[in-house]
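Overview (structure and organization)
Listed here are the chains, written in short residue letters.
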Amino acid sequence: MARRAGRDTGADGAADVRFMRRALALAARGWGQVSPNPMVGAVVVRDGKVVGEGYHAAFGRDHAEVMALGRAGAQAKGSTVYVTLEPCAHYGKTPPCTEALLAAGVSRVVIAVRDPHPVAAGGAERLRAQGVTVAVGVCEEEARELNAAFLYAVTSTRPWVTLKLAISVDGAVADHTRKPGWLTGPEARAEVHRLRAQHDAIGVGMGTVLADDPLLTVRDARVPRVAPQRVVFSRTGRLPVTSAMADTAGDAPVIVVAQEIDPAYEATLNGMGVDVMIASTLGEALRALRTRGLHSILIEGGARLAGALLFDRLVDRLVLFTAPVVLGAGALNAFLLAPAQRAESARRMRVLGRKAFGDDLMTVYALDDARAREEG
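None of these values were measured; they are calculated from a predicted model.

**Considering the overall build of the protein**
Scanning the protein from N- to C-terminus turns up twelve helices and 16 strands. Its C-alpha atoms give the protein a radius of gyration of 23 Å, near enough to 21 Å, the size a compact globule of 376 residues would have. Dimensions along the principal axes, computed over C-alpha positions, put the protein at roughly 70 × 45 × 35 Å. Scored against the burial criterion, the 376 residues of the protein give a buried share of 50%. By sequence separation, contacts in the protein at least 24 residues apart represent 74% of the contacts at least 6 residues apart. Taking the average place of the 45 positive charges on the side chains of the protein and the average place of its 40 negative ones, the gap between the two points comes to 5 Å.

**Details of helix α1 (residues 13-27)**
When the terminal C-alpha atoms of α1 are compared, their 21 Å separation across 15 residues agrees well with the 21 Å that a helix rising 1.5 Å per residue should span. Against the buried residues of α1 lie β1 (41-46), β2 (49-55), β3 (80-85), β4 (108-113) and α5 (140-146).

**Re the side chain of Ser 168**
Positionally, Ser 168 belongs in the loop between β6 (160-167) and β7 (172-174). By relative accessible area, Ser 168 is classed as buried at 0%. Here Asp 170 takes part through its side chain, which lies 2.4 Å from a polar atom of the side chain of Ser 168.

**Section: the pattern of salt bridges**
Close approach of charged atoms allows side chains of opposite charge to pair. All told, the structure shown has 16 salt bridges when counted by the stated rule. Across the pair Arg 144 and Glu 140 runs a salt bridge whose closest N-O atoms are separated by 3.1 Å. With Arg 144 and Glu 140 both in helix α5, this residue pair falls four residues apart, about one helical turn. In this structure Arg 144 comes out as partly exposed when scored by relative accessible area, which is 23%. In this structure, the salt-bridge partner of Lys 164 is Glu 300, at a minimum N-O distance of 3.8 Å. Of this pair, Lys 164 sits in strand β6 while Glu 300 sits in the loop between β12 (296-299) and α12 (303-311), and the two are 136 residues apart along the sequence.

**With respect to the packing of aromatic side chains**
Tallied over the full model, the rule gives three aromatic pairs. Taken together, a centroid distance of 5.3 Å and an interplanar angle of 40° make the contact between Phe 19 and Tyr 82 tilted. Remark: Tyr 82 occurs in strand β3 and Phe 19 occurs in helix α1; sequence separation between them is 63 residues. Grouping residues by exposure puts Phe 19 and Tyr 82 together as buried. With 5.3 Å between their ring centres and 70° between their planes, Tyr 152 and Trp 160 make a pair best called edge-to-face.

**Quick look at the sheet that holds β2**
As summarised here, the arrangement of the five strands in space is β2-β1-β3-β4-β5, forming an open sheet in which the pairing is mixed. Two strands lie at the open edges of the sheet, namely β2 and β5 (133-136), each paired on one side alone. Going from strand to strand, the sheet's axes swing by 15° on average, the running direction of each strand aside. Across four bridges, β4 lies against β5 in parallel orientation. Bridge pairing in β5 places Val 110 opposite Ala 135. Across the sheet, helix α2 (residues 64-72) touches β1, β2 and β3, and the angle it forms with β2 is around 140°.

**Considerations on the pairing of strand β11 (residues 274-278)**
Where strand β10 (residues 254-258) lies against β11, five bridges are found, and the strand directions are parallel. What sits directly across from Ala 258, in β11, is Ile 278. As a crossover connection, the stretch from β10 through helix α10 (residues 263-271) into β11 is right-handed.

**Observations concerning the sheet that holds strand β15 (residues 350-357)**
Spatial strand order, β11-β10-β9-β8-β12-β6-β13-β16-β15: nine strands in an open sheet with mixed pairing. Two strands in the sheet have a free side with no partner beyond their single neighbour: β11 and β15. This sheet shows a mean twist of 20° between the axes of neighbouring strands, independent of strand direction. With six bridges connecting them, strand β13 (residues 317-322) and strand β16 (residues 360-366) associate as antiparallel partners. The residue bridging Phe 321 from the neighbouring strand is Met 362, located in β16. Of the strands in this sheet, β6, β8 (201-205), β12, β13, β15 and β16 touch helix α7 (residues 186-197), which is tilted by about 160° from β13.

**Observations regarding the side chain of Glu 65**
Position of Glu 65 among the secondary structure elements: in helix α2. This buried residue, Glu 65, is left without a salt bridge; Arg 71 holds the nearest opposite charge, at 12 Å. Residues within four places of Glu 65 in sequence aside, it is in contact with Val 40, Ala 42, Val 83, Leu 85, Pro 87, Cys 88 and Cys 97.

**Some thoughts on the state of the cysteines**
Joining two cysteines, a disulfide is a covalent bond between their sulfur atoms. This structure, assessed with the given rule, holds zero disulfides. In this structure Cys 139 is not part of a disulfide, and its nearest cysteine sulfur, from Cys 97, lies 20 Å away. Given the relative accessible area of 9%, Cys 139 is considered buried.

About the thresholds
- Residues numbered from 1 in each chain as written.
- Predicted model: local features only at pLDDT ≥ 70, side-chain atom pairs only at ≥ 80, totals over all residues.
- Heavy atoms only, no water.
- Helix = DSSP H or I, 4+ residues; strand = E, 2+ residues; numbered from the N terminus.
- Rg over C-alpha atoms; globule rule 2.2 N^0.38 Å.
- Buried < 20%, exposed > 50% of the residue type's maximum accessible area, 1.4 Å probe, protein only.
- Contact = heavy atoms within 4.5 Å.
- Lys, Arg positive; Asp, Glu negative; His and termini not counted.
- Charge placed at Lys NZ, Arg CZ, Asp CG, Glu CD.
- Expected span 1.5 Å × (residues − 1).
- Polar contact = N/O pair within 3.5 Å; in protein donor to acceptor, adjacent residues only side chain to side chain.
- Salt bridge = Lys/Arg side-chain N within 4 Å of Asp/Glu carboxyl O.
- Phe/Tyr/Trp six-rings, centres within 6.5 Å; stacked < 30°, edge-to-face > 60°.
- Pairing = 2+ DSSP bridges.
- Axes fitted to C-alpha atoms, helices over the stretch in contact; angles between N-to-C directions.
- Right-handed = clockwise from strand over helix to strand, strands pointing away.
- Disulfide = S-S within 2.5 Å.

Set out below in structure tokens:
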């Protein structure tokens, strides 16, 4: 059954990019609220004008396409719909978005990225079979980055790993005294809390726990739908029973990943609500966390854990917050334990973006292409 073409259905590269970027901006409004679903935005355009917008605002609520079509009303007939992820073709918590698009009589659907999920995929083919013009791949890289953890989780055996470090200009994470202290300003620290809100877990090494006694909760950002689990990586697993995390294990889950642990101490931690996992390697630990449903983890230090993850090539994204200070002699270098490389053959990381937060500069790097490599 062919759909009548509206005046907006012809391909226009510049317009497609402009409207898709608007859809991506809408999708990002679901940050921290839709997991384990992806963030999705949709824009309905007719005669070159936006007549409806929507985004997936919360898990279990209307999908982006349904919201945008509802706002467009009768103007959706013959329109072009821009959506950041392939419309679903299955019945889940909500009916298939493909059927909503067909019922609205849209003429063209522009998709940023295909849905790799075997259950939800197939929307593009369903639309084409019913005479709707479908274009795929507009702003694909941006759409993939927005939902990197979701897309990776479909075929991965470990979570998507983001390593976040706050460093000085000379690459240090701590000064010569090793005493706790903020390197970055309040704007950068608030951005870290925003990053936490979109991850399933936040991880640190035991050295960071002993030095800083962090809570690892989301405070200076919109509260996520599900609080990230807190993960401590330690050889012996001896999370202090007086630590902030042990004391608040009932508020948000705490997992200690150890190579070995004294059974009596494990029982004590269990009694406080702290879970303990045994894993001989970081790769094994990450795979075990994935079996618990964790799709993403934000690693926040310290230098030993960062070096081990980089050495084992288990980092997908590196986020550096660089403070405009030099810590000088005796400071702890962030990459002291990373694998040594020769200057002329060192792996070059792709820069995905830079943004200033106060006087601090955030740079996001892509390391290995996780979609193309085997699991670590």
